[in-house]
Amino acid sequence: MKQTITEYQFVDSFRHAGRETQFSVPARRAIFAHLEDYEESTGAELELDPIGICCEFAEYPSAREAADNYGFEPDGDDDDAREKSALEWLQNQTQVVEFDGGLVIQQF
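Residues numbered from 1 in each chain as written. Predicted model: local features only at pLDDT ≥ 70, side-chain atom pairs only at ≥ 80, totals over all residues. Heavy atoms only, no water.

Undergrad: Residues and numbers for the nonpolar core, please.
TA: Counting 14 residues, the largest nonpolar core has Phe10, Phe14, Phe23, Ile31, Ile53 and Val104 as the members making the most contacts within it. For this core, the secondary-structure elements that each account for two or more residues are helix 1 (7-16), helix 2 (25-42), helix 3 (50-56) and strand 2 (96-99). Sorting elements by how many residues they give to this core places helix 2 first, with five residues. With residues up to four places along the chain from it excluded, the contact list for Ile53 reads Phe10, Phe14, Phe23, Ile31 and Leu35. Ala58, Ala86, Leu90 and Val96 belong to the second-largest nonpolar core, a separate cluster that totals 13 residues. (Core = buried A, V, L, I, M, F, W, Y, C linked by side-chain atoms within 4.5 Å. Buried < 20%, exposed > 50% of the residue type's maximum accessible area, 1.4 Å probe, protein only. Helix = DSSP H or I, 4+ residues; strand = E, 2+ residues; numbered from the N terminus. Contact = heavy atoms within 4.5 Å.)

What follows is the structure, encoded as structure tokens:
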């Protein structure tokens, strides 16, 4: 049995699972869009599992902070260059979902 959900239902499912503080609302919306794109591009149907998503993904305010968490030291002379270096490194390591206010990565 399959049920199609809206972005609102997806975002709210984290509250119902007791995980409303795991991701910001903009991050949850970005994850929803990312997973919808994945379904459309692969033809796969995903099961809604907020707790599984919380275990698989993490939100960060910047690529530098996410990369630092994995021991990467970004290149560059200024903050913008280091952020760009960190983002490129992350994109080579894992799935990165950018949104206004930060990014979500698939933990690795």
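Undergrad: Quick rundown of the environment of Asp75? Include the residues and the values.
TA: Positionally, Asp75 belongs in the loop between helix 4 (63-69) and helix 5 (79-93). Residue classification places Asp75 among the exposed positions, given a relative accessible area of 55%. Spatially, the C-alpha atom of Asp75 lies 7.8 Å from that of Ala86, the residues being 11 residues apart in sequence. Excluding residues that lie within four positions of it along the chain, Asp75 makes contacts with Ala81, Arg82 and Ser85.

Undergrad: Tell me about the sheet that holds strand 2, and please be specific about residues and values.
TA: Reading across the sheet, the three strands line up as 1-3-2 and stay open at both edges, with antiparallel pairing between neighbours. Of all strands in the sheet, those bounded by a partner on one side alone are strand 1 (57-60) and strand 2. Going from strand to strand, the sheet's axes swing by 20° on average, the running direction of each strand aside. The sheet contact formed by strand 1 and strand 3 (residues 102-106) spans four bridges and is antiparallel. Bridge assignment links Phe57 to a residue of strand 3, and that residue is Gln106. Helix-sheet contacts for helix 2 involve strand 1, strand 2 and strand 3, and the interaxial angle to strand 2 is about 130°. (Pairing = 2+ DSSP bridges. Axes fitted to C-alpha atoms, helices over the stretch in contact; angles between N-to-C directions.)

Undergrad: How would you sum up the pattern of salt bridges? Please name residues and give values.
TA: Two side chains that carry opposite charge are able to pair once their charged atoms sit near each other. The full count for this structure, using the stated rule, is four salt bridges. As a salt-bridge pair, Arg29 and Glu7 come within 3.6 Å of each other at their nearest N and O atoms. On the criterion of sequence distance, the pair formed by Arg29 in helix 2 and Glu7 in helix 1 is long-range, its members being 22 residues apart. Looking at Arg29, the relative accessible area reads 42%, which means it is partly exposed. The closest approach of N and O atoms between Arg82 and Asp79, which form a salt bridge, is 2.8 Å. Pair noted here: Arg82 and Asp79 are both in helix 5, with a separation of three residues, about one helical turn. Relative accessible area serves as the criterion here: at 21%, Arg82 is assigned to the partly exposed category. Overlapping salt bridges, with partners in common, bring together Arg64, Asp79 and Arg82 in one network. (Salt bridge = Lys/Arg side-chain N within 4 Å of Asp/Glu carboxyl O.)

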